[in-house]
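Here is what each chain is made of, one letter per residue.
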Amino acid sequence: MILQGKDIEKSFGGLKALNGVSFELGNNEVLGIIGPNGAGKSTLFNIICGVYSPTKGSIHFEGKNITGLKPHDIARLGIARTFQIAHAFRDMTVLDNILTALGIDEYNGIVSMFKLAKKSDTVESAMSYIELLDLKDAANKKAGELSLGMMRRLEIARALALRPKVLMLDEPCAGLSYDDADEFINLISMLKGQKISIMMVEHNMNVAMRACDRLVVLNFGEKIAEGTPNEIQNDPLVIEAYLGKEE
Amino acid sequence: MEKRLFSVISLLLIALMVMSGCSGNQQPQQTQSSGQQEQQPSPSGEETIKIGFFAPVTGPAAADGESALNSAKLAVETINNAGGILGKKIELVDYDDNFKAEQAVSIAQKLTTSDKVVAVVSGSYSNPTRAAAPVYQQAKIPMVSAYAEHPDITKAGDYIFRQSFVGPIQGRAGAEVAVKKLGAKKIAVLQVDNDFGASLVEGFKERVAKLGGEVISVDTFQLGEKEFTPLLTKIKNENPDLIYMVAYAVEGSQIVRQMKQLNMTVQLLGTEGIDATKEFFGVLGKDVEGLVFTTNLNRDDTRKVTQDYIKNYTEKYGFAPDMVGASVYDSFMVLAEAIKLSGQATPDAIKDGMYKIHDFDAVTGVITSYNKLGEVIKPVQVQTVKNGEIHFFDEITDMEIIAPPDIQ
Amino acid sequence: MYGIVVAINVGIFAILALSVNIITGYAGQPNLGQASFFGIGAYTTAILAGKYGVGFLPSLIISGFIAGIVGLLLGLASLRVRDDFLAITTIGFNFVVVAIFQYVPFFGASMGLSIPPLKLFGYPVGYVGLFIIILLLMLLVILFTKRMERSWIGIALVSIRNNEEAAESLGIDTRKFKVISFGIGTLIAGFAGSVYAYYMGFIMSYNFQFMTSITILSMAVVGGLGTIAGPIIGAIVLGLAPEIFRFVSDYRLLIYGAILILMMSFQPQGLVGDGSIFANIVRKLRPKTSGVDQ
Amino acid sequence: MFLQQLVNSIVIGSVYALTAMGATLVYGILRVLDIANAGAYAVGAYIGMAIYALTGNLFVSLIATLIISGAIGICLEKFIYLRLLDKPSIVPLITSIGVFIFIEDLLRLLNGPYAKRFPAKLPFSGIQLSSVSIPATWILVMVVTAVLLFILWYILYHTRIGLAWRATAQDMETAKAMGVNINLVVALNFLLGYGFAAVAGSLIGIMYNSISPTMGDTPAYKMLAIIVLGGLGNPVGTVLAALIIGLVETFLGGYIGFFLPRDAIAFVALIIMLLIRPKGLFASNNA
């Protein structure tokens, strides 16, 4: 087990967005968080990444309590993330986008931050991530000029460049075509081969079923089910949560 | 990457060369600054005497700038129509400083090096004039400051003169009028917060104390302020005998109007700052009856220079001149007189001529002389408004009051 | 001589435009109060050199550091506000600083402060000497910015400008870097202020008003934010405009306003900014380089 | 004295409210800090004076000022602002400063630098209640401000176009998706935004009996402080903030005297407020 959440509670004003949610992410596992709109998926995701701090409960990473740390601290510990809405650095080239992540060890010191960034070995290492995600032709293009699918790949490449132990993906397939989504699922299995644990929020059931080893289902801020895709598929509570609205 | 840095630097150098080239073209044979200041014939062949001028024609003080420029043009026209000086015509080289000290400094350089004027009149405020004064001093080109008040201006050196009273003199004169003529004991001061306001109030407070009056409150406001009711309501409550208002026309006119709106009838004493026919009296019309103010232009002066100036200005521009205009006009007349006295139109001769001026008949009164610091010695005029017109009220000639600071 | 004086003016404003460029151009934090740090630098020098007879180099350095420290503090305070709120906070800061200069007698209040002419090793430094000092200072600033652009801090700042959340997710402490950018940008403005004080010989609070901040920022924007050549070219164009258009003196401001409108309408990236006509030409002419530093 | 100062502060506050309303409206929709709105303020004073001199009817001249200046605003929007919306916010800001400088200097060239009178004859006279005086011009300012703000409030909260305005102010993309005619909303916004500023300019001209090309200088930045205090783009907040600033300035000046320039007071208040409530005194909750 690499990442663990215990009884996480979060309220905004009077509204409870999360109510006592716990989860565990095993080593080299792909865990999916699913649930209907407003279930609290994104809130949970943002709490893990340090954007919000929980009202109650705690997060542990490799046994260490990381509750309330800032996003940049969490990134430095080895938890990388992507965003639901593409967050590429649009004015920067694809290469520079990746470089940004490679500087993670240099941003702390006032001297080291003035070290040259584009040393040949750093650029080489950046190029390896670019090649890994098949972005080589676009390496010197501005990120803002990329297609949505490419931008998502860029974000994943950038997150991987942090050399994380855990990769958090926020609806990585939203807005992608069927083919792109397919490609994405292949990518996930490739990453698994590289000993990275993955936790993803996914709205698209189909993608979640295919990509994940295990799923956690949220509804109205509470965990209503947990298990393998097969178990979840047949869970009456889950079916009700997803289809209940149609009544 | 390196290449780009070089291209930036070379671009910069090219720009600089172009710039220095520009100024170089205008003065091909002059490599050293202000070495020999011989009077040179103008390119047209006709010999002229070039006099430089700068004023805030654009920007927040554009109204004073225009008054100043109008009078500068009128002065040059008047002199030239009378045959010029020493048989030569005057050529006006005028610039707009946009109310900015930086621009006044570059204008000073332009006037002294590329335009090669023999003397300069400042038609601007203290900040630009004060910043430019050392440049003229260093270039050894005499400059006459027409109406800037800052005491330090003339301290730049012996080539710098002032045509208006240095701040504290007018303040002392105001105190004299307030206490002795208007019989005020308790006085409230309402002051614009800049060097003009500060230096006048300094002299005023000192003299009021000496004469046994009391300044019960000093309130300041910033340039461009329009709303005085909070301050006036406060002053009304203090019930003073007189309000000493050190303000410019725009603010001063609002003070008068708002006093009226608040039914305040207390006597008001103003300064030359409000002496702007268009800006102050134009806006107020007949609402300023009984106002008394210190200035340097006496409208009832029967001397021909003054009456001619008022008449010619009004004819040319369609409205009556103000203190700013009169001071600028006089600055040119004084320079012309200095040239006549020394018989030569070179900067050094003009400077020496300025110190020789004695009992000169200027629009703004008879100038006794300029002291060693370059400060003018002349009486302070006190004017009042009667039936919507500006008239003589008093004249302060007491040397104890009007003697400017001098080099010890 | 006139050319030199104009060049000094342009040079000082080029340094200022470069300084605001670090905060607004690279880090993307709007700053409409840069003139206040320019003023803090100038007033520090006026007090040190004018009142206490401190020499040029110590005055220059202390002026820069005081401006930089105040800038750090403003940067810290500004972390609570963003974008347009930050823009207006910096305007407010400018007004408060000018008010302090204008009212506190120690700062000369409404009478301003005088600065003795600059002397080095006992010899007076004329305009030419001052111009060389300004060129050197500008060169230092350019070299520094260049280095910054190519190092991790430059990448961090640009990433913050692009997307704060994403930068944070990559281990960049955005708060720290924003504050650092304020510190560096205002430090440079303080240096510019110090030289300006020597150049003018006399300063008043009016010189450091909000409108001066606008002038500085306009130069950086018109030239091209986030580039090095941009602010310099902007300072040259907008700095020379009032001098070039002297022959139409009455219409000078009108033309100045029109330049701003036209530039922003047709070249909002600035004259040499990314995607401007000029930058595209350069991009086409130049062979592709990998941009690797050895 | 207290009552008099209270009346003073209400007049000052109403003037601020009307002046800042234009910039608030523009910000509410376009998210542009519109310094040029202060240009409309000065233009409005000149147009108002010219039409009043022509017709002698104050009511007609105020309405005409509103419409003509509003039309100028729509032109600025169509030809300048609309194409800058996707640019970084600094670009429209610098543009609006350019427009402001241009307008101010154009006024100086057309009308000369000297202040001019705006002597309007009012159909009623001032009020004198024991020690409190309320001049006729003040009554005019307060009444016109109240009427205009009421009309604005009615449009915003009780008409379909007002609903569309509020939807657009919340989120322009969503409003567009929901079928709101964005062009119409933006045009109305500029009509009112510039119209209000122009009427404010006219009223100030009458109140001080003085108009000059540079009269927009102070409002140009002061209204920024007020619209931020009011929560940037929140019309109701702007009115409250304007009244509060009027009150604070008056009572500080009236009892202690100004230890800072009056404008600095507004900005000090602003900075303190931003440090305590970073989104403005009256920021709407969903901001």
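Up top is the structure.
Here's a quick rundown of the structure. (Residues numbered from 1 in each chain as written. Chains lettered and ligands numbered in written order. Predicted model: local features only at pLDDT ≥ 70, side-chain atom pairs only at ≥ 80, totals over all residues. Heavy atoms only, no water.)

Moving on, we get to the interface of chain C and chain B. Listed by partner, the interface residues are 44 residues for chain C and 45 residues for chain B. A buried area of about 3900 Å², summed over both sides, lies between chain C and chain B, and 64% of it is on carbon and sulfur atoms. When the buried surface of chain C facing chain B is broken down by residue, Tyr2, Met111 and Arg246 of chain C rank first, second and third, together holding 16% of it. Remark: the boundary between chain C and chain B carries one salt bridge. As a salt-bridge pair, aspartate 96 of chain B and arginine 252 of chain C come within 2.8 Å of each other at their nearest N and O atoms. At the boundary of chain C and chain B, one finds nine residue pairs in polar contact (both at pLDDT 80 or more). Of all elements in the fold, only helix H1 (2-26), helix H4 (83-103), helix H5 (127-150), helix H8 (174-200), helix H10 (229-244) and helix H11 (252-266) of chain C reach the threshold of two or more residues within the side of chain C that touches chain B. No other element matches H5 of chain C, which puts nine residues into the side of chain C that touches chain B. Of the residues assigned to the side of chain C that touches chain B, the class counts are 28 nonpolar, nine polar and seven charged. (Contact = heavy atoms within 4.5 Å. Buried area = accessible area lost by both parts, 1.4 Å probe. Salt bridge = Lys/Arg side-chain N within 4 Å of Asp/Glu carboxyl O. Polar contact = N/O pair within 3.5 Å; in protein donor to acceptor, adjacent residues only side chain to side chain. Helix = DSSP H or I, 4+ residues; strand = E, 2+ residues; numbered from the N terminus. Nonpolar A, V, L, I, M, F, W, Y, C, P; charged D, E, K, R; others polar.)

Before going further, it helps to spend a moment on the sheet that holds strand S1 (residues 48-55) of chain B. Residues and elements named next belong to chain B. Pairing is parallel in the open sheet, where five strands are placed in the order S2-S1-S3-S4-S5. Each edge of the open sheet carries a strand with a single partner, namely strand S2 (89-96) and strand S5 (160-162). The sheet shows a mean angle of 25 degrees between the axes of neighbouring strands, direction not considered. As defined by bridge partners, S1 adjoins strand S3 (residues 119-122) across four bridges and the pair is classed as parallel. Note that in S3 the partner of isoleucine 51 across the bridge is alanine 119. Strands S1, S3, strand S4 (143-145) and S5 of the sheet are contacted by helix H4 (residues 126-139), whose axis makes an angle of about 160 degrees with S4. (Pairing = 2+ DSSP bridges. Axes fitted to C-alpha atoms, helices over the stretch in contact; angles between N-to-C directions.)

Attention now goes to the layout of surface pockets. Space inside the second largest pocket adds up to approximately 640 Å³. Along the walls of the second largest pocket sit 28 residues, with Pro134, Val135 and Gln138 of chain B together with Pro117 and Tyr127 of chain C positioned nearest its centre. Those elements that provide at least two residues to the lining of the second largest pocket are helix H3 (101-114) and H4 of chain B together with H5 and H8 of chain C. Grouping the constituent residues of the lining of the second largest pocket by class yields 18 nonpolar, nine polar and one charged. (1 Å grid on protein atoms, 1.4 Å probe; cavity = no way out; pocket = protein on both sides within 12 Å on 5 of 7 lines; lining within 4 Å. Points joined across faces, edges and corners; volume = space filled by probe spheres on them.)

What follows deals with the packing of helix H7 (residues 229-238) of chain B against helix H10 (residues 235-256) of chain D. A packed helix pair is summarised by two numbers, namely the angle formed by the two axes and the spacing between the axes. Taken N-terminus to C-terminus, the directions of H7 of chain B and H10 of chain D make an angle of 30 degrees; their axes are 8 Å apart at the nearest point. Taken as axis vectors, H7 of chain B and H10 of chain D run roughly parallel relative to one another. At the point where H7 of chain B passes H10 of chain D, the crossing takes the right-handed sense. Residues Pro230, Leu231 and Lys234 of chain B of H7 of chain B form the contact with H10 of chain D, whose own contacting residues are Thr250, Gly253, Gly254, Tyr255 and Ile256 of chain D. Residue composition of the contact of H7 of chain B with H10 of chain D, by class: four nonpolar, three polar and one charged. (Parallel < 35°, antiparallel > 145°, perpendicular 65-115°, else oblique. Left-handed = near helix turned anticlockwise from the far one by under 90°.)

Overall, the coordinates contain 34 salt bridges over all chains when judged by the stated rule. Residue aspartate 394 of chain B pairs with lysine 181 of chain B through a salt bridge whose shortest N-O separation is 3.9 Å. Taken together, the residues span a long stretch of sequence, with aspartate 394 of chain B in strand S16 (residues 389-396) and lysine 181 of chain B in helix H5 (residues 167-181) at a distance of 213 residues. In this structure, aspartate 105 of chain D engages arginine 108 of chain D in a salt bridge whose closest nitrogen and oxygen atoms are separated by 3.0 Å.

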